[in-house]
Amino acid sequence: QVQLVESGGGLVQAGGSLRLSCAASGRIFSTYSMGWFRQAPGKEREFVTAISRIGGTTYYPDSVKGRFTISRDNAKNTLYLQMNNLKPEDTAVYYCAAQTAGTGWRTLADRTSYDYWGQGTQVTVSA
């Protein structure tokens, strides 16, 4: 009952920045915890970050902590991912996802806990 559409991906050189957006429709946005995942060629889909329903709690693995920031604007039904100091290993298709089951970082980092997924947006970081 939720549709998610990512945008903002593209090609950037190492050290640069991008901001991804995820527009949600179909349900009240604040009902859902939201996450970002990424998948590189030949790799499994990887947890990037997640945010609680009203934005009070965020989670980051060490691979992105200090460089990426997740945020949400519930009035605009939009999720954001600000990515700074990008590295070639950040190259992947980035997906946003929504769920109602998560309450802690272990659940929010589990891709199987998410009910809805966007189509993905490509991020390519050149060396």
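Provided above is the structure to which this section pertains.
Just so it is clear, the model here is predicted, and its values are computed rather than measured.

Scoring rules and cut-offs
- Residues numbered from 1 in each chain as written.
- Predicted model: local features only at pLDDT ≥ 70, side-chain atom pairs only at ≥ 80, totals over all residues.
- Heavy atoms only, no water.
- Salt bridge = Lys/Arg side-chain N within 4 Å of Asp/Glu carboxyl O.
- Buried < 20%, exposed > 50% of the residue type's maximum accessible area, 1.4 Å probe, protein only.
- Helix = DSSP H or I, 4+ residues; strand = E, 2+ residues; numbered from the N terminus.

**Student:** So what exactly am I meant to see when it comes to the pattern of salt bridges here?
**Tutor:** Opposite charge on two side chains makes pairing possible when the charged atoms of those side chains draw close. Applying the stated criterion across every chain yields a total of three salt bridges. Residue Glu 46 pairs with Arg 38 through a salt bridge whose shortest N-O separation is 3.0 Å. Exposure remark for Glu 46: the relative accessible area of 32% places this residue in the partly exposed category. With a closest N to O distance of 2.8 Å, Arg 67 and Asp 90 form a salt bridge. One end of the pair, Arg 67, is in the loop between β6 (58-59) and β7 (68-73); the other, Asp 90, is in the loop between β8 (78-83) and β9 (92-99), and 23 residues separate them in sequence. Judged by relative accessible area, which is 10%, Arg 67 ranks as buried. Exposure remark for Asp 90: the relative accessible area of 0% places this residue in the buried category. Bridged by salt links that share partners, the residues Arg 38, Glu 46, Arg 67 and Asp 90 form one connected network.

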